[in-house]
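Each chain is listed here by its residues.
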Amino acid sequence: MNRTTVITLVKPGEKTDDLGYPIPDQEPVRRTVLAEKVSAVRAEFYSALKAGRRVSHVIRVRAEVYQGETVAEYLGKKYEILRDYPKGGWVELSLAEVI
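Report follows, based on the coordinates.

Cut-offs used in this document
- Residues numbered from 1 in each chain as written.
- Predicted model: local features only at pLDDT ≥ 70, side-chain atom pairs only at ≥ 80, totals over all residues.
- Heavy atoms only, no water.
- Salt bridge = Lys/Arg side-chain N within 4 Å of Asp/Glu carboxyl O.
- Helix = DSSP H or I, 4+ residues; strand = E, 2+ residues; numbered from the N terminus.
- Buried < 20%, exposed > 50% of the residue type's maximum accessible area, 1.4 Å probe, protein only.
- Polar contact = N/O pair within 3.5 Å; in protein donor to acceptor, adjacent residues only side chain to side chain.
- Contact = heavy atoms within 4.5 Å.

So, on to the pattern of salt bridges. Under the counting rule described, the total for this entry stands at six salt bridges. Across the pair Arg 31 and Glu 69 runs a salt bridge, and its minimum N-O distance is 2.6 Å. With Arg 31 in strand 2 (residues 29–38) and Glu 69 in the loop between strand 3 (57–62) and strand 4 (71–74), the pair connects residues that are 38 residues apart, well separated along the chain. Judged by relative accessible area, which is 2%, Glu 69 ranks as buried. For Lys 87, the salt bridge identified is with Glu 92, shortest N-O distance 3.6 Å.

Right, dumping it as structure tokens:
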């Protein structure tokens, strides 16, 4: 069962100095996008457990919206994007809660 929801994708700030080196501690760039919550497949859940992580949610966003972000905010919590899996015109994001 798919449920429409919103998710905030977070990307580190990308400012550089005059020599082209990244400047640390830049404000992250946040974008709120429409998404669909989908159920995690058993194989994905167990492969994450083998790596010592636990998939909390699987969220699907349009491929043209996803820009390689590594962090997401969903339902007031911060999540690491463990895996992004392109599927048709969508990208499925496996989220693990950041503690």
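Another aspect to go through is the side chain of His 57. Summarising the element assignment, His 57 is placed in strand 3. Residue class for His 57 comes out buried when judged on its relative accessible area of 14%. Among the polar contacts listed, one links the side chain of His 57 to the side chain of Tyr 79, at a separation of 3.3 Å. Not counting residues within four places of it along the chain, the set of residues in contact with His 57 comprises Lys 37, Tyr 74, Tyr 79, Leu 93, Ser 94 and Leu 95.

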